[in-house]
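Residue-level structural notes
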Amino acid sequence: RFILPKIEFTLMKKFCFLILTTITQISFAQSNVIANDIKINQFVEGTLLTSTAKESPLVIILNDAGAIDRNGNERTQTNNATKKLAESLAHRGISSFRYDKRILKAQKLNLQEKDFRFDFMVEDAKTTIDYFKNKQKYTSIYIIGRGQGSLVGILAAQNNVDGLISIGGAAQSIDQTILGKIKLQAPGLAQDATSAFAELKKRGKVKNYNPALESMLRKDLQPFMSSWMAYTPTQEIQKINIPVLLIRGSKDLQSTPEDLSALQKAYPNASVKEIENMNYVLVNVEGNNDMVNQKSYYRKDLLISEELTKAISLFIEDK
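What counts as what
Position numbers for residues start from 1 in each chain and track the written sequence from start to end. It should be noted that, the model being predicted, local features are given only for residues of pLDDT at least 70 and side-chain atom pairs only at 80 or more, the latter also being counted only at that level, while totals for whole chains, interfaces and linings use all residues. To get the side-chain values, all heavy atoms of the structure are used, and hydrogens and water are removed first. Salt bridges are identified by distance alone: a Lys or Arg side-chain nitrogen within 4 Å of an Asp or Glu carboxyl oxygen. Numbering of helices and strands runs from the N terminus; a helix is a DSSP stretch of H or I covering at least four residues, while a strand is a stretch of E covering at least two. The classification of residues rests on relative accessible area computed with a 1.4 Å probe and restricted to protein chains. Under 20% of the type maximum is buried, over 50% is exposed, and intermediate values are partly exposed. Strand pairing is assigned whenever DSSP identifies at least 2 bridges connecting the two strands. The angle between two axes is taken between their N-to-C directions and runs from 0 to 180 degrees, where each axis is a line fitted to C-alpha atoms and a helix contributes only its stretch in contact. Any two residues whose heavy atoms approach within 4.5 Å at even a single point are treated as in contact. Only protein atoms enter the calculation, which uses a 1 Å grid: trapped sets of points that fit a 1.4 Å probe without letting it out are cavities, open sets showing protein on both sides within 12 Å along at least five of seven lines are pockets, and any residue with an atom within 4 Å of a point is a lining residue. Grid points are joined across faces, edges and corners, and a volume is the space filled by probe spheres set on the points. Gly counts as polar in this scheme, as do all residues outside two lists: the nonpolar Ala, Val, Leu, Ile, Met, Phe, Trp, Tyr, Cys and Pro, and the charged Asp, Glu, Lys and Arg.

1. As for the pattern of salt bridges
For the coordinates displayed, the defined rule picks out 13 salt bridges. The partner of Lys 273 in a salt bridge is Glu 307, with the nearest N and O atoms 3.1 Å apart. Placement of Lys 273 in strand 8 (residues 271-279) and of Glu 307 in helix 13 (residues 306-318) is noted, with a sequence separation of 34 residues between them. Residue classification places Glu 307 among the partly exposed residues on the basis of a relative accessible area of 34%. Taking the shortest distance from any N to any O, the salt bridge between Arg 299 and Asp 301 comes out at 2.7 Å. A network of salt bridges, in which partner residues are shared, links Asp 37, Arg 70 and Asp 100.

This is the structure in structure tokens:
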């Protein structure tokens with residue numbers, strides 16, 4: 001059997017890598033998009049997709065709760081939702097910046113769980129907005145917030161950007177959102193949860209709670225939960241005075257139609273778009289099988305909802 005010498009094999013690998021890199025660069029050139037990794041500070045590192053169009057708006061994409069990277073993925077879930085959204089918008093002439101959440105740098109920054117606060121995410125978003133505003137390169141700057149990122153965006157965007165796009169944002173404070181889910185899924189736990197959250201809200205900590213609530217009320221997590229509970233989206237959104245687009249997918253299992261309705265009521269001037277069959281990871285799913293819906297959280301091959309990117313681009317173009 002013929003065996004390729006080691007040195008020839010190494011050279012072939014390098015050659016193949018160069019070919020693949022060239023193909024990628026050509027692909028980006030043909031789509032009029034340039035990708036660059038940017039470090040704004042020790043907390044904010046992400047990817048800028050820049051449209052080569054002469055006049056380009058910029059969207060800053062904020063992800064949902066958890067240790068989520070710039071592409072929208074967690075350690076156990078890879079769906080590239082945020083990356084696909086950025087790339088889809090780029091093809092419509094909209095530049096974007098997406099970044100890793102600070103919690104992913106916890107070990108590097110020597111931060112413990114007990115050190116985290118909700119306001120850290122708001123600070124990172126504001127820092128990012130200021131960074132790009134100082135560049136004076138873009139025709140306008142918008143925030144896109146997904147899930148938890150919707151509230152972060154509302155707080156960071158207050159009279160600081162040209163518009164806000166909320167995707168699957170909650171209307172209630174996080175404790176009320178959790179209580180609502182508990183009442184539906186584990187009603188026997190509702191009273192204990194209500195009492196525990198009330199104490200946490202009043203004192204900033206809670207010692208005695210049902211062990212079933214450990215995942216959300218463990219001692220080291222309480223400071224973060226307390227800081228998050230301090231904000232109610234329907235109250236905070238009334239403090240801004242910018243164009244707002246509220247979006248929800250009809251198959252989104254993380255947010256509810258009531259959330260969308262309450263946010264709209266709190267901000268009557270908002271544009272509203274409910275996208276049929278779009279789910280939490282921004283892809284379309286057919287039928288009412290929740291298992292099929294949730295399996296899409298682990299697939300990066302599915303195409304992003306075209307109706308979503310169309311709605312966002314039209315909103316930006318109209319402003």
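The rest of the description comes next.
2. Comments concerning the sheet that holds strand 3 (residues 58-62)
Taken in spatial order, the eight strands line up as 1-2-4-3-5-6-7-8 in an open sheet, and their pairing is mixed. The open sheet has two edge strands with one neighbour each: strand 1 (33-39) and strand 8. Here the average twist between neighbouring strands, direction ignored, is 20 degrees. Two elements, strand 5 (residues 141-146) and strand 6 (residues 163-167), share five bridges in a ladder whose sense is parallel. Bridge pairing links Tyr 142 to Gly 163 in strand 6.

3. Here we look at the environment of Lys 84
With respect to the element layout, Lys 84 can be found in helix 2 (residues 81-90). Among the residues examined, Lys 84 registers a relative accessible area of 13% and is labelled buried. In sequence terms Lys 84 and Lys 300 are 216 residues apart; their C-alpha atoms lie 8.8 Å from each other. Residues within four places of Lys 84 in sequence aside, it is in contact with Asn 79, Val 283, Arg 299, Lys 300, Leu 302 and Ile 304.

4. Looking at empty space enclosed by the protein
Taking a probe equal in size to a water molecule and rolling it over the atoms shows the remaining empty space. Inspection of every chain in the model, using the stated rule, returns three cavities of 30 Å³ or more. If you add up the space inside the largest cavity, you get close to 110 Å³. What lines the largest cavity is simply Leu 62, Asn 63, Tyr 99, Asp 100, Lys 101, Arg 102, Met 121, Asp 124, Gln 148 and Val 152. Taken as a whole, the second largest cavity spans an internal volume of roughly 70 Å³. Considering the residues around the second largest cavity, the lining is formed by Asn 63, Asp 64, Ile 68, Gly 72, Asn 73, Glu 74, Gln 77, Asn 79, Arg 146, Tyr 280 and Val 281. When its residues are assigned to classes, the lining of the second largest cavity shows three nonpolar, five polar and three charged.

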